[in-house]
Amino acid sequence: VQLQASGGGWVQAGGSLRLSCAASGRTFSRYALGWFRQAAGKEREFVAGISRNGGNTKYADSVKGRFTISRDNAKNSVYLQMDSLNSEDTAVYYCAAKINVGNYFYVYEWQYDSWGQGTLVTVSS
């Protein structure tokens with residue numbers, strides 16, 4: 001599957017952004033999906049994951065309660081609603097996909113098969 005992330009931009013601290021990731025192909029519903037981010041000078045880190053049917057989700061502690069991952073299998077898309085943003089959320093955000101037979105989410109980079117190109121989120125304080 002090919003992934004295309006969008007929706008990044010500049011926002012003031014306390015504001016919100018919604019990232020989208022569109023996927024190609026007819027088997028989107030067979031993929032678990034995730035969002036990762038990489039800040040300048042840091043390693044890429046897990047942000048959120050969602051299972052094939054959207055029923056199971058997982059968040060990094062740093063974003064729990066502020067970010068929401070969702071998906072629309074009819075639109076071949078996954079979203080990341082980001083609220084109460086702060087400067088520490090500034091990073092390039094990547095969407096990722098992993099084909100699987102169960103209804104699981106995944107939190108490690110190495111578990112994912114496909115990656116989008118990344119979209120930059122800048123939070124100004």
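Read on for an overview of the structure. (Residues numbered from 1 in each chain as written. Predicted model: local features only at pLDDT ≥ 70, side-chain atom pairs only at ≥ 80, totals over all residues. Heavy atoms only, no water.)

### A short note on the nonpolar core
Most often, soluble globular proteins keep nonpolar side chains buried together rather than apart.
Link 1 in the chain: Core analysis: the largest hydrophobic core is formed by 35 residues, its most contacted members being Trp-35, Val-47, Phe-67, Ile-69, Leu-80, Met-82 and Tyr-93.
Link 2 in the chain: Taken together, the elements giving at least two residues each to this core come down to β1 (3–6), β3 (17–23), β4 (31–38), β5 (45–50), β7 (67–72), β8 (77–82), β9 (91–99) and β11 (119–124).
Link 3 in the chain: In this view, Met-82 contacts Gly-15, Ser-16, Leu-17, Leu-19, Arg-66, Phe-67, Tyr-93 and Val-121; residues no more than four positions away in its chain are not counted. (Core = buried A, V, L, I, M, F, W, Y, C linked by side-chain atoms within 4.5 Å. Buried < 20%, exposed > 50% of the residue type's maximum accessible area, 1.4 Å probe, protein only. Helix = DSSP H or I, 4+ residues; strand = E, 2+ residues; numbered from the N terminus. Contact = heavy atoms within 4.5 Å.)

### A short note on the sheet that holds β3
Link 1 in the chain: Pairing in this open sheet of four strands is antiparallel, and the strands run β1-β3-β8-β7 from one edge to the other. At either end of the open sheet lies a strand with only one pairing partner, and these are β1 and β7. Taking each pair of neighbouring strands and ignoring which way they run, the sheet shows an average axis angle of 15°.
Link 2 in the chain: Taken together, the six bridges between β7 and β8 define a ladder with antiparallel strand orientation. Bridge pairing links Ile-69 to Leu-80 in β8. (Pairing = 2+ DSSP bridges. Axes fitted to C-alpha atoms, helices over the stretch in contact; angles between N-to-C directions.)

### Details of the packing of aromatic side chains
Link 1 in the chain: What the rule picks out here adds up to six aromatic pairs.
Link 2 in the chain: What links up through ring pairs into an aromatic cluster is the set Phe-36, Phe-46, Tyr-106, Tyr-112 and Trp-115.
Link 3 in the chain: Positioned over the ring face of Tyr-94 is Arg-44, at 4.7 Å from the centre of the ring.
Link 4 in the chain: For Arg-44, the ring lying beneath its charged end belongs to Trp-115, and the centroid distance is 4.0 Å. (Phe/Tyr/Trp six-rings, centres within 6.5 Å; stacked < 30°, edge-to-face > 60°. Lys NZ or Arg CZ within 6 Å of the ring centre and 35° of its normal.)

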